[in-house]
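Listed below, chain by chain, are the residues.
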Amino acid sequence: MNTVPKTLSLAAPDLHAFMIDLMMAAGASRKNAECAADVHLDADLKGVGVQGLDYLPYTLDSLERGLIDGRADPVVVSRRAASAVIDGRRGLGQYAAVAAVRLATELSGEAGSATVAVRNSTDIFMIGHYAELLAR
């Protein structure tokens, strides 16, 4: 009699690669999929519910149905000395949020502090991930 294990264990790098492969198969570019997988894996490793692999089926469905453009590159639509607005172009929110972190870091280095907003994007998930990027 065959039995199916109730729990499957994967090493973190294998889970990361699995998430990337799934998102790319659903239409995401590698860079978008890697960024999203970084955030989802961080959530899983920190035990933040409904922010990791468990949410991925919804993302995959949205990619496959064209509700999320998995190849979108965010664009800066407004930029001032200490603020900016990024258009996520209906892409994965994680990728747009990381772009916002990078731009906020650059602007705050010049102005002392900065605010960057993201519009036209999807859920960025696990907000603490971006706070940690900023802190680094």
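Up top is the structure.
Residues numbered from 1 in each chain as written. Predicted model: local features only at pLDDT ≥ 70, side-chain atom pairs only at ≥ 80, totals over all residues. Heavy atoms only, no water.

If you walk through the whole model with that rule in mind, you get two aromatic pairs. Judged by centre distance (5.1 Å) and plane angle (45°), the ring pair of Y55 and Y58 falls under tilted. The interplanar angle of 65° and the centroid separation of 4.8 Å between the aromatic rings of Y55 and F125 together place this pair among those described as edge-to-face. Of the two residues, Y55 is situated in the loop between α2 (30–46) and α3 (56–64) and F125 in the loop between β3 (115–121) and α5 (127–135); the sequence distance between them amounts to 70 residues. (Phe/Tyr/Trp six-rings, centres within 6.5 Å; stacked < 30°, edge-to-face > 60°. Helix = DSSP H or I, 4+ residues; strand = E, 2+ residues; numbered from the N terminus.)

By the secondary structure assignment, S29 is in the loop between α1 (12–25) and α2. Looking at S29, the relative accessible area reads 11%, which means it is buried. The spatial distance from the C-alpha of S29 to the C-alpha of Y130 is 21 Å, given a sequence separation of 101 residues. The residues touching S29, leaving out its near neighbours within four places in the chain, are M24, G70 and R71. A polar side-chain atom of S29 sits 2.8 Å from a polar atom in the side chain of N32. (Buried < 20%, exposed > 50% of the residue type's maximum accessible area, 1.4 Å probe, protein only. Contact = heavy atoms within 4.5 Å. Polar contact = N/O pair within 3.5 Å; in protein donor to acceptor, adjacent residues only side chain to side chain.)

This part is about the sheet that holds strand β1 (residues 75–79). Read across the open sheet, the three strands follow the order β1-β2-β3; overall the sheet is mixed. Each edge of the sheet is formed by a strand with only one pairing partner; in this case those strands are β1 and β3. Between one strand and the next, the sheet's axes are offset by a mean angle of 25°, whatever the strand orientation. Pairing analysis gives six bridges linking strand β2 (residues 83–91) to β3, with the strands arranged parallel. Each bridged residue has a counterpart across the sheet, and for A84 the counterpart in β3 is V116. (Pairing = 2+ DSSP bridges. Axes fitted to C-alpha atoms, helices over the stretch in contact; angles between N-to-C directions.)

We now examine the pattern of salt bridges. Taken as a whole and assessed by the stated rule, the structure comprises seven salt bridges. Between K46 and E132 there is a salt bridge; the shortest N-O distance is 2.6 Å. Remark: E132 occurs in helix α5 and K46 occurs in helix α2; sequence separation between them is 86 residues. Put simply, D87 and R119 hold a salt bridge, and the shortest N to O gap is 3.6 Å. One end of the pair, D87, is in strand β2; the other, R119, is in strand β3, with 32 residues separating them in the sequence. If you follow the salt bridges from partner to partner, you end up with D42, K46 and E132 in one network. (Salt bridge = Lys/Arg side-chain N within 4 Å of Asp/Glu carboxyl O.)

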